[in-house]
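# Topology and contacts: notes
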Amino acid sequence: MENSTIDRGLTQLRDIHLPDPVLIWPPAMGWWILAAIIMALVVALWLGIFIRRRGLAHHALKELSHLEKDRSGHGDLQSFATAVSGLLRRVALARYGRSRVASLTDRDWLQFLSQSGRTQRSSHSWNGDAGRLLAIAPYAPPGALEIKQLGFNVTRQSLAEAARGWIRKNT
């Protein structure tokens, strides 16, 4: 009787069956967590770069505005151009790095400003009077440049607007 019970029990057993195949989608929980971490890192990196660049733009534009209003220290056009040149140089160093910007002088510097500041709406070139003034003002002795005698057709406002446009484009 025991054999018949065992035989009956064996006949009721199912044959060996394989588990269902592992699907690619949806991924396991670990992959979702990894994807979320990667996305968070990408967003944090992008925000860090955005905040840094906006901070640079904010400070540079604030300094330019201060230079425009400060008639005591930068009353004449030469000293104003010298200060603007220094500001643009610092912004360019922060934005493009010392190896690319530090060695640029004279025409190379003006060409760099023109190329990096060109936009579709504004094709401002630093190769005109504003650029020439920007190139020579920092190196001339204070008060040595007679702007009208040299034939420069530049005002504080036009120089400031050109610098403001370049800063906005490059920060």
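Here the structure is shown first, and the text comes after it.
Report on the accompanying structure. Residue positions are counted from 1 within each chain, in the order its sequence is given. This being a predicted model, a pLDDT of at least 70 is required before a residue's local features are given, and a value of 80 or more before pairs of side-chain atoms are given or counted; all residues contribute to the totals for chains, interfaces and linings. Computation of side-chain values: all heavy atoms of the structure, hydrogens and water removed.

### Observations concerning the overall build of the chain
Strands are runs of DSSP state E lasting at least 2 residues, helices are runs of H or I lasting at least 4, and numbering of each runs from the N terminus. Each helix and strand counted, the chain has eight helices and zero strands in total. When the helices and strands of the chain are read in sequence order from the N terminus, they spell out α-α-α-α-α-α-α-α. Within the chain, contacts between residues separated by at least 24 positions form 64% of all contacts whose residues are at least 6 apart in sequence. In the structure as shown, the chain presents an accessible area of about 12,400 Å², 60% of it carried by carbon and sulfur atoms. Whether two residues are in contact is decided by their heavy atoms, any of which lying within 4.5 Å being enough. For the accessible areas, the method is Shrake-Rupley and the probe is 1.4 Å, while residue cover comes only from the protein chains on display.

### Here we look at empty space enclosed by the protein
Within this scheme a cavity is a closed region of a 1 Å grid, computed over the protein atoms alone, that accommodates a 1.4 Å probe without allowing it to escape, whereas a pocket is open but has protein on both sides within 12 Å along at least five of seven lines; lining residues each have an atom within 4 Å of a point. Grid points are joined across faces, edges and corners, and a volume is the space filled by probe spheres set on the points. For the structure on display, the rule yields one cavity of 30 Å³ or more. Secondary-structure elements contributing two or more residues to the lining of the largest cavity are α3 (77-96), α5 (106-117) and α6 (129-136). Residue classes in the lining of the largest cavity are distributed as four nonpolar, two polar and two charged. The residue classification treats Ala, Val, Leu, Ile, Met, Phe, Trp, Tyr, Cys and Pro as nonpolar and Asp, Glu, Lys and Arg as charged. All others, Gly included, are polar.

### Let's talk about the pattern of salt bridges
The working definition used for a salt bridge is a side-chain nitrogen of Lys or Arg within 4 Å of a carboxyl oxygen of Asp or Glu. In the structure shown here, the tally under the stated rule is four salt bridges. Between Glu161 and Arg164 there is a salt bridge, with its nearest N and O atoms 2.6 Å apart. With Glu161 and Arg164 both in helix α8 (residues 156-170), this residue pair falls three residues apart, about one helical turn. In this structure Glu161 comes out as partly exposed when scored by relative accessible area, which is 44%. Between buried and exposed lies partly exposed: a residue is buried under 20% and exposed over 50% of the maximum accessible area for its type, with that area taken using a 1.4 Å probe on protein chains only. Judged by its relative accessible area of 12%, Arg164 falls in the buried class. Counted as one network, the salt bridges with shared partners bring together Glu68, Glu161 and Arg164.

### Section: α8
Residues spaced three or four apart along an α-helix face the same direction, because each turn holds 3.6 residues. An expected span of 1.5 Å times one less than the residue number is assigned to each helix. End to end, α8 covers 21 Å across 15 residues, agreeing with the expected 21 Å (1.5 Å per residue, within 8%). For α8, the complete set of buried residues consists of Arg156, Leu159, Ala160, Ala162, Ala163, Arg164, Trp166, Ile167 and Asn170.

### Focus: the nonpolar core
For soluble globular proteins, nonpolar side chains are generally found buried alongside one another. Within the largest apolar cluster, 33 residues are counted, with the highest numbers of intra-cluster contacts made by Leu88, Trp109, Phe112, Leu113, Trp126, Leu159 and Trp166. When residues of this core are traced back to their parent elements, those giving at least two are α2 (29-69), α3, α5, α6 and α8. Tallying contributions element by element places α3 first for this core, with ten residues. For Trp109, the residues in contact, after removing those within four places along its chain, are Ser85, Leu88, Arg89, Ala92, Val101 and Leu104. What is meant by a nonpolar core is a set of buried Ala, Val, Leu, Ile, Met, Phe, Trp, Tyr and Cys residues, joined one to another through side-chain atoms within 4.5 Å.

### Here's the deal with the environment of Thr155
Its place among the elements puts Thr155 in the loop between α7 (147-150) and α8. With 74 residues separating them in the primary sequence, Thr155 and Ala81 have C-alpha atoms 9.8 Å apart.

### Looking at the packing of aromatic side chains
Two aromatic rings, drawn from Phe, Tyr or Trp (for Trp, its six-membered ring), form a pair once their centres lie within 6.5 Å of each other, and the interplanar angle then sorts them: stacked below 30 degrees, edge-to-face above 60, tilted otherwise. On inspection of all chains with the given rule, the structure shows five aromatic pairs. Between the aromatic rings of Trp46 and Phe50, the centroid separation amounts to 5.4 Å while the plane-to-plane angle is 15°, which identifies the pairing as stacked. Placement of both Trp46 and Phe50 in helix α2 is noted, with a separation of four residues, approximately one turn of the helix. On the accessibility criterion, Trp46 (54% relative accessible area) is exposed. Using a relative accessible area of 40% as the deciding quantity, one classes Phe50 as partly exposed. With 5.8 Å between their ring centres and 20° between their planes, Trp109 and Phe112 make a pair best called stacked. Residue Trp109 and its partner Phe112 are both found in helix α5; the two are separated by three residues, about one turn of the helix. You'll find Trp109 and Phe112 in the same group, each marked buried.

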